[in-house]
Amino acid sequence: MAGLNVDDVKVSLQKFGLYDYVVFVLMLLSCVMIGVYFGFLKKKAKKGEAEADYLVGNRQMKIIPVSLSLIASFISGISLLGTPTEIYLYGVQYMYIVGGVISMGFIMMYFYLPVFHNLKLTSTYQYLQTRFDRRMRLFGSILFTLATMAWLPIVIYVPALAFNQVTGINVHLITPIVCVICIFYTCVGGLKAVVWTDVVQTILMFGAMLLIIIKGTLDVGGLSVVIDRAKASGRIEGPDLRFDMTTRHNIYSCVIGGVVYWLKTNAVSQNMIQRYLSLPTLASAKKALWTFIFGTLVLLALCCYSGLLIYAKYYDCDPLTTKLAKAKDQLLPLLVMDTLGDFPGLPGLFVAGVFSAALSSLSTGLNSMSAVVLEDFFKPFSNRPLSEKQTSIIMRAVVAIFGAICVVLVLVVEKLGSVLQLSMSLGSVSNGPLLGIFTLGVLIPWANGTGAIVGGTIGLLVMIWVCLKAQLAIATGELAFDLKPVDTQGCSYHFIASEPMSMLAINTTSLSIDATPVEPEFALYHISYLWYTTMGALITIIIAVIVSFIVGPNKPDEMNPNLFSPFIQRILVRRRIAAHNQLEMATGGIKEIIQ
């Protein structure tokens, strides 16, 4: 490629041909057919069961499909493209979050999942009304709705960027087409269609990543070359054992902060819990949980290795400095076209895999929105019970309307490129307070509705301030990223590096909304983004408990034990038995005195 400039190289790598388009279209058609099958051909649900069938698969789903759906729902296109970029830029320190993921599994299995599953909920926010009051149900539902509608357009936009990188096709042409297909099969097929399309999409994700890894490793000279180059650049390193909350990633933020982040994402989020509630028994839900964790860890490992592979491929010619890749989320697509571009159909398989992750997240979000809007916004305020026809119309209309809004918001996301990071951090704003509220509910019987609403509101306001200050600090350069070294001495084409490498980290990946402070002074908003959820949850819980005791706490003996985690239930039951025995003894003593 001597004598070529960077633009010539870009054009030469855009080898997305007929077979690639065929593979991509086949993926979309398979999703449509699954929707058609469950929406029109599958035997209709019995009268009175339509709502449960649409939202939770009549609680008769199978473990493996639900587990694969959970993996697909959690690993969005952002994660699929962002994790390799994270490893390329910052090294493997982030991957110690696996300790947090595994710990989350045990905590969720014992503390949260039994409560929601045994109550047979449809919306997790129904729990907040039962445990606290209607205010908390609305508070949680509104936070979920806002966070979801801020997240879904980005989920679609990022893989559209990848599609643009490999094909040159305009983002605004592919985005509406893909969204309409997703809206269709989610609208007509309900949860069953979402789960089974997720199965197809999960297989595509794993297949695409394995293809890239196997062929890419062979191209650079084998596994030993990948490992040696990663070690030499400091990308493979042991866990950082320094306890410094401002350090971007260390063992404490990844494990402690990571477990709290994953708890909110998996243990109390409507997007994920709705899948667990579709299973017939708590035992099957626990099996699905651990299958999900295993599959997610495998996929994270593949993404991590692909990040090391990107560095091994471009170790002496960084594509971000040369502008061969305009955005960091285009690093993996660049590797794909460089590695698989000469094999017709394989780049199409990769793009299908990335879009599969996006479609899964979009369909999950829309199906969950359908459940939340119906259960939390319509039913509580309806003067009389909704008919089956009204329920059906509402559920499908929600999917169609919110799906259309997502398509429009993709246009907004593109125009607000400098605010993309801020949009991604909205999840951190609501995650902490929501997890704090649900934790209050299942673990602290004394907490009441007034305490929960005050604690949640203060937690939300504090997190808004922290996230806004962090974004402002990033924009002004107060916070900067500590990048691993890169090189351009081996480039075989001409380029002009218009920006120093240090500036390339201003738009970070979806995995991180934070930075390492340049100045030694500590400020609350300097802490690692992995502590955000923990901070929001702790503030919510502490304030809620204080306010509850000020206004008058609940009496645990009068509470419904089924609203609490199993070990809290056992404590409450023992207290009631002891109180009953004391009452009987006192009554017996009085009778003896009378006699």
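Scoring rules and cut-offs
- Residues numbered from 1 in each chain as written.
- Predicted model: local features only at pLDDT ≥ 70, side-chain atom pairs only at ≥ 80, totals over all residues.
- Heavy atoms only, no water.
- Helix = DSSP H or I, 4+ residues; strand = E, 2+ residues; numbered from the N terminus.
- Buried < 20%, exposed > 50% of the residue type's maximum accessible area, 1.4 Å probe, protein only.
- Contact = heavy atoms within 4.5 Å.
- Areas by Shrake-Rupley, 256 points an atom, 1.4 Å probe, with all protein chains shown as cover.
- Disulfide = S-S within 2.5 Å.
- Patch = residues over 30% accessible without salt bridge, like charges linked within 9 Å, V, L, I, M, F, W, Y side chains within 5 Å.
- Salt bridge = Lys/Arg side-chain N within 4 Å of Asp/Glu carboxyl O.
- Core = buried A, V, L, I, M, F, W, Y, C linked by side-chain atoms within 4.5 Å.
- Polar contact = N/O pair within 3.5 Å; in protein donor to acceptor, adjacent residues only side chain to side chain.
- pLDDT = per-residue confidence, 0-100.
- Axes fitted to C-alpha atoms, helices over the stretch in contact; angles between N-to-C directions.
- Parallel < 35°, antiparallel > 145°, perpendicular 65-115°, else oblique.
- Nonpolar A, V, L, I, M, F, W, Y, C, P; charged D, E, K, R; others polar.
- Phe/Tyr/Trp six-rings, centres within 6.5 Å; stacked < 30°, edge-to-face > 60°.
- Expected span 1.5 Å × (residues − 1).

> Can you explain the overall build of the chain? Please cite residues and give values.
A count of helical and extended segments in the chain gives 22 helices and 2 strands. Across the 595 residues in the chain, those meeting the buried criterion constitute 57%. For the chain, the share of sequence-separated contacts (at least 6 apart) that also reach a separation of at least 24 residues comes to 87%. Only carbon and sulfur atoms are counted for the fraction: they give 66% of the accessible area of the chain, which is about 23,700 Å².

> A description of the state of the cysteines should follow, citing residues and the corresponding values.
Evaluation of the coordinates by the stated rule reveals 1 disulfide. Between Cys317 and Cys491 runs a disulfide, and the two sulfur atoms are separated by 1.9 Å. With the S-S bond torsion at 105 degrees, the cross-link from Cys317 to Cys491 turns out right-handed. Taken together, the positions of Cys317 in the loop between α13 (282-313) and α14 (319-322) and Cys491 in the loop between β1 (479-480) and β2 (516-517) put the pair 174 residues apart, joining distant regions of the chain.

> An account of a nonpolar patch on the surface is requested, with residue identities and associated values reported.
Nonpolar side chains collect at one region of the surface, where Leu18, Val22, Val25, Leu26 and Leu29 lie side by side and expose about 460 Å² of accessible area between them. By the element assignment, Leu18 lies in helix α2 (residues 18-41).

> Give me the lowdown on the nonpolar core, citing residues and values where you can.
Counting residues in each nonpolar core, the largest one holds 181 residues, and the members touching the most others are Phe24, Tyr276 and Phe292. Other than its neighbours up to four places away in sequence, Tyr276 contacts Leu70, Met108, Leu113, His117, Asn266, Ala285, Ala288, Leu289 and Phe292.

> For the pattern of salt bridges, give the residues involved together with the corresponding values.
For the structure on display, the rule yields 7 salt bridges. Between Arg135 and Asp133 there is a salt bridge; the shortest N-O distance is 2.8 Å. Among the salt bridges present, the one from Arg137 reaches Asp376, with a minimum N-O distance of 2.6 Å. Pair noted here: Arg137 is in helix α8 (residues 134-167) and Asp376 is in helix α16 (residues 346-378), with a separation of 239 residues, a long-range link. On the accessibility criterion, Arg137 (9% relative accessible area) is buried. On the basis of relative accessibility, which here comes to 1%, the residue Asp376 falls in the buried class.

> So what about the side chain of Asn250? Which residues, and what values?
Here Asn250 is to be found in the loop between α10 (223-232) and α11 (251-267). Residue classification places Asn250 among the buried positions, given a relative accessible area of 1%. Within polar-contact distance, the side chain of Asn250 engages the backbone oxygen of Asp244 at 3.0 Å. In terms of polar contacts, Asn250 uses its side chain to reach the backbone amide nitrogen of Tyr252, at 3.0 Å. Discounting residues that sit within four places of it in the chain, Asn250 has contacts with Gln93, Asp240, Arg242 and Asp244.

> Explain the confidence of the model for the chain residue by residue, including any values.
Confidence in the prediction of the chain, expressed as mean pLDDT, is 82, and 88% of residues score 70 or more. Across the chain, the element-wise mean pLDDT spans from 42 in β2 up to 94 in helix α21 (residues 532-551). Within the model, the stretch residues 417-423 combines pLDDT values under 50 with 13 contacts to residues more than four positions away or in other chains. In the predicted structure, residues 500-520 sits below a pLDDT of 50 and forms 71 contacts with residues beyond four places in sequence or in another chain.

> Tell me what's going on with the packing of helix α4 (residues 63-74) against α16, and back it up with residues and numbers.
Put simply, α4 and α16 touch, their axes get as near as 7 Å, and they point 100 degrees apart. Taken together, the axes of α4 and α16 are roughly perpendicular relative to one another. Within the contact between the two elements, α4 uses Ser69, Ala72 and Ser73 and α16 uses Ala357, Ser360, Ser361 and Thr364. Of the residues assigned to the contact of α4 with α16, the class counts are 2 nonpolar, 5 polar and no charged.

> Got a sec to walk through the environment of Ser12? Specific residues and values, please.
Within the fold, Ser12 resides in helix α1 (residues 6-13). Along the primary structure Ser12 and Met337 are separated by 325 residues, whereas in three dimensions their C-alpha atoms are 9.5 Å apart.

> Describe the packing of aromatic side chains, and please don't skip the residues or the numbers.
For the structure shown, the criterion picks out 11 aromatic pairs. Their ring planes at 80 degrees and their centres at 5.0 Å tell us that Tyr37 and Phe38 sit as a pair that is edge-to-face. Between Tyr88 and Tyr311 the ring centres are 6.2 Å apart and the planes differ by 55 degrees, which places this aromatic pair in the tilted class. Of this pair, Tyr88 sits in helix α5 (residues 77-90) while Tyr311 sits in helix α13, and the two are 223 residues apart along the sequence. Residues Tyr88 and Tyr311 agree in their burial class; the two are buried. Three or more aromatic residues link up through ring pairs in this structure, and these residues are Phe116, Tyr125, Tyr127, Phe144 and Phe438.

> Please give an account of the environment of Val255 that cites residues and values.
In this structure, Val255 sits in helix α11. For Val255, the contacting residues outside a window of four places in its chain are Tyr96, Gly99 and Gly100.

> Requested: an account of unusual backbone geometry, with residues and values cited.
Unlike most non-glycine residues, Lys120 shows phi in positive territory, near 50 degrees. Phi is positive for Lys323, close to 70 degrees, though the residue is something other than glycine. Within the secondary structure, Lys323 is located in the loop between α14 and α15 (331-340).

> Can you tell me about the environment of Leu386, naming the residues and giving the values?
In this fold, Leu386 is placed in the loop between α16 and α17 (388-415). For the pair Leu386 and Leu374, spaced 12 residues apart in sequence, the C-alpha separation works out to 9.9 Å. With sequence-adjacent residues up to four places away left out, Leu386 is seen in contact with Leu374, Phe378, Lys379, Thr391 and Ile394.

> Just give me the short version of α4, but keep the residues and values in it.
Taking 1.5 Å as the rise per residue, α4 with 12 residues should run 16 Å; its terminal C-alpha atoms sit 16 Å apart, in good agreement. Buried residues dominate α4, accounting for 9 of its 12 residues. For α4, the full list of buried residues reads Pro65, Val66, Ser67, Ser69, Leu70, Ile71, Ala72, Ser73 and Phe74.

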